[in-house]
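# Working through the structure, step by step
So you can see what is in the structure, the chains are spelled out below.
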Amino acid sequence: MSQIYLEMNHIKKTFGELEVLKDISLSVHKGEVVSVIGPSGSGKSTLLRCATMLEKMDGGELSFLGEKAAWEENGKCVYANKKQLKEIRKNFGLVFQNFNLFPQYTARQNVMLASELLAKEQPDYKAQKKLLHAQIAARAEELLTQVGLKEKMDLYPHQLSGGQQQRVAIARALALQPDILCFDEPTSALDPELTGEVLKVIRSLSEQHMTMIIVTHEMAFARDVANRVIFMDGGVIVEQGPARDVIENPQAERTKQFLARYRESQ
Ligand code: ADP
Ligand code: MG
C-alpha cells in the first residue's frame, strides 16, 4: 500500500450539546481521491475543517505524512506547537464553496500571495527579492494557465465569473505545492453551466494523481473521479467503498435513501 498522507483516528467534535463528529476514522493514501457525500448537516464540512485544523477537535488523532498534528493526552486533544503546525499546514491546500478570493487583488496576485509571504520569511529575502518574485510570478502564470485562465490573470475577482473565480482559488491552493487538496462543495455556489469547467479542472488534477478529498453533491462526478466514496450521516461514516459500488449499489439503508432522494431530484 502507498504512503498514508492524511490519517484521522477516532475524531470527535461537539458544538455545545451537539455531537457533530462521533468517532470518525479516515486514512487517505498518496494519489487517492476520496469523495465525501451525505445530507446537509451530517458533518462533512466539520470533518474537513478538523482535518485542515480550521476547527479544533475535542478528541482523536490527526497526522499528515506520518507527522502528528494532534493526539490525545489524559482524555484531551492536544496539538503540536505553532511552529510544527505551520510546517504541517504546508501539506494541504483548501478550496471552499465561496472561493474566498481577496477582492482587492488580481487573479495573479491572489495566486502569488501565500508564496510571497513565505519568501519574505527567508533570511536572504532582501538580496534575492527580484529573483524570488520572478519565480513566484512565473509559477502563478503556469498555474493559471493550467486552470484555463491564461487570458484573465490581471483581472480582479469581480471581473470574473463564479467558475473562473473558483479556478483561481484552485490555482491558489496549488501554489505552495501541497500534497493534499481539500475541497468543500467546490461547485455548489455555481450556476449549473459553470459547474462543468470547475469539475474538469479537478478531474485533470486527479489524472495527474493529486491526492484529494472532495466534499460534493455531484454524484456522477464522485462516481467517475473518486477512487473511494464515503457516505456520512449524523456525524458518522455510514458506508464507504469503491466509488462506483457506493453510488450505484449502496448497501446501507440510509445510503440507499439518500441516493434515491438525490436521483428523484435530478
Ligand atoms: P455539512 O457540511 O454536512 O452540511 P456541517 O459540518 O456544516 O455539515 O454541520 C454539521 C452540524 O454541526 C450541523 O448541525 C451544524 O449546524 C453544526 N455546526 C457546524 N458548525 C457549527 C458551529 N461553528 N457552531 C455550532 N454548530 C455548528
Ligand atoms: Mg458543508
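Residues numbered from 1 in each chain as written. Chains lettered and ligands numbered in written order. Predicted model: local features only at pLDDT ≥ 70, side-chain atom pairs only at ≥ 80, totals over all residues. Heavy atoms only, no water.

## Brief notes about the environment of Arg-244
Put simply, the test is: For the purposes of this entry, the term helix denotes a DSSP run of H or I that reaches at least four residues, the term strand denotes a run of E that reaches at least two, and both are numbered from the N terminus. Relative accessible area decides the class of each residue, using a 1.4 Å probe on protein chains only: under 20% of the type maximum gives buried, over 50% gives exposed, and in between gives partly exposed. Any two residues whose heavy atoms approach within 4.5 Å at even a single point are treated as in contact. Identification of polar contacts relies on pairs of N or O atoms within 3.5 Å, with a donor-acceptor requirement for protein atoms, meaning one able to donate a hydrogen and the other able to accept it, and with residues adjacent in sequence counted only if both atoms are side-chain atoms.
The topology assignment puts Arg-244 in helix 8 (residues 243-248). Overall, the relative accessible area of 43% leaves Arg-244 in the partly exposed class. Residues Arg-244 and Glu-197, 47 residues apart in the sequence, show an inter-C-alpha distance of 22 Å. Apart from the residues within four sequence positions on either side, Arg-244 is in contact with Arg-223, Asp-224 and Asn-249. Only 3.4 Å separates the side chain of Arg-244 from the side chain of Asp-224, close enough to count as a polar contact.

## A word on the pattern of salt bridges
Keep this limit in mind: Salt bridges are defined as contacts in which a side-chain nitrogen from Lys or Arg sits within 4 Å of a carboxyl oxygen from Asp or Glu.
In total, this model carries 13 salt bridges according to the counting rule given. A salt bridge links Arg-49 to Glu-55; the nearest nitrogen and oxygen atoms lie 3.1 Å apart. Its salt-bridge partner being Asp-154, residue Arg-108 comes within 2.9 Å of it at the nearest N-O pair. In this pair, Arg-108 sits in helix 3 (residues 107-120) while Asp-154 sits in the loop between helix 4 (125-146) and helix 5 (162-174), placing the two residues 46 residues apart along the sequence.

## Comments concerning the packing of helix 3 against helix 4
Worth spelling out the cut-off: Only the stretch in contact is used when a helix axis is fitted, and all axes are lines through C-alpha atoms; the angle between N-to-C directions ranges over 0 to 180 degrees. Crossings are sorted by hand: turned counterclockwise from the far helix by less than a right angle, the near helix makes the crossing left-handed, and turned clockwise it makes it right-handed. For this classification, Asp, Glu, Lys and Arg are treated as charged, while Ala, Val, Leu, Ile, Met, Phe, Trp, Tyr, Cys and Pro are nonpolar and the rest, including Gly, are polar.
Between helix 3 and helix 4, whose axes approach to 9 Å, the crossing angle comes to 145°. The handedness of the crossing between helix 3 and helix 4 comes out as right-handed. Residues Ala-107, Arg-108, Val-111, Met-112, Ser-115, Glu-116, Ala-119 and Lys-120 of helix 3 lie in contact with helix 4, whose contacting residues are Tyr-125, Leu-132, His-133, Ile-136, Ala-137, Ala-140, Glu-141, Leu-143 and Leu-144. Residue classes in the contact of helix 3 with helix 4 are distributed as 11 nonpolar, two polar and four charged.

## Focus on the pairing of strand 3 (residues 33-37)
Which entries qualify depends on this criterion: Strand pairing follows a simple DSSP-based rule, namely that at least 2 bridges must link the two strands.
Along strand 3, five of the five residues are buried, which leaves the element largely enclosed by surrounding structure. Pairing analysis gives four bridges linking strand 3 to strand 9 (residues 211-215), with the strands arranged parallel. Its bridge partner lying in strand 9, Val-36 is registered against Val-215. Strand direction decides the pairing type here: strand 3 and strand 10 (residues 228-233), joined by four bridges, are parallel. Residue pairing for strand 10: Val-34 is matched across the bridge by Arg-228.

## Details of the sheet that holds strand 11 (residues 236-242)
One open sheet accounts for six strands, arranged 7-8-9-3-10-11; its pairing is mixed. In this open sheet, the two strands that pair with only one neighbour each are strand 7 (92-95) and strand 11. Here the average twist between neighbouring strands, direction ignored, is 15°. Both strand 7 and strand 8 (residues 180-184) contribute to a ladder of four bridges, which runs parallel. Bridged to Phe-92 within strand 8 is Ile-180. The strands touched by helix 5 within the sheet are strand 7 and strand 8, with strand 7 carrying the most contacts at an inclination of about 170°.

## Section: the packing of helix 5 against helix 6 (residues 192-207)
Basically, it comes down to this: An angle counts as roughly parallel when it lies under 35 degrees, as roughly antiparallel when it exceeds 145, as roughly perpendicular when it falls between 65 and 115, and as oblique in every other case.
In the contact formed by helix 5 and helix 6, the axes pass within 8 Å of each other and the chain directions differ by 20°. When the axis of helix 5 is compared with that of helix 6, the two are roughly parallel. Here helix 5 and helix 6 pass one another in a crossing that is right-handed. Together, Gly-162, Gly-163, Gln-164, Gln-166, Arg-167, Ile-170 and Leu-174 of helix 5 and Leu-194, Glu-197, Val-198, Val-201, Ile-202 and Leu-205 of helix 6 make up the contact between the two elements. Partitioned by chemical class, the residues of the contact of helix 5 with helix 6 number seven nonpolar, four polar and two charged.

## Describing the sheet that holds strand 2 (residues 18-29)
What the five strands build is an open sheet, ordered 2-1-4-5-6; its pairing is antiparallel. For this open sheet the edge positions go to strand 2 and strand 6 (76-79), each flanked by a neighbour on one side alone. In this sheet, neighbouring strand axes are inclined to one another by 15° on average, regardless of whether the strands run parallel or antiparallel. Running over the sheet, helix 1 (residues 44-51) touches strand 1 (4-15), strand 2 and strand 4 (59-64) and is turned about 120° from strand 1.

## Notes on the environment of Gly-60
Mapped onto the secondary structure, Gly-60 falls in strand 4. Gly-60 gets classed as buried once you look at its relative accessible area, which sits at 2%. For Gly-60 and Met-212, which are 152 residues apart along the polypeptide, the C-alpha to C-alpha distance reads 22 Å. Excluding residues that lie within four positions of it along the chain, Gly-60 makes contacts with Asn-9, His-10, Ile-11, Ala-70, Trp-71, Glu-72 and Cys-77.

## Observations regarding the site of ligand 1
To be explicit about the condition: A single heavy atom is enough: if one lies within 4 Å of a molecule or strand, its residue is considered near that molecule or strand. Per-residue accessibility takes into account occlusion by the displayed protein chains alone, with areas from the Shrake-Rupley method and a 1.4 Å probe.
Near ligand 1, the surroundings consist of Phe-15, Leu-18, Val-20, Pro-39, Ser-40, Gly-41, Ser-42, Gly-43, Lys-44, Ser-45 and Thr-46. A distance of 2.7 Å separates an oxygen atom of ligand 1 from a polar backbone atom of Gly-41. The side chain of Thr-46 places a nitrogen or oxygen atom 2.5 Å from an oxygen atom of ligand 1. In the complex, the protein chains occlude 59% of the 560 Å² of accessible area that ligand 1 would expose alone.

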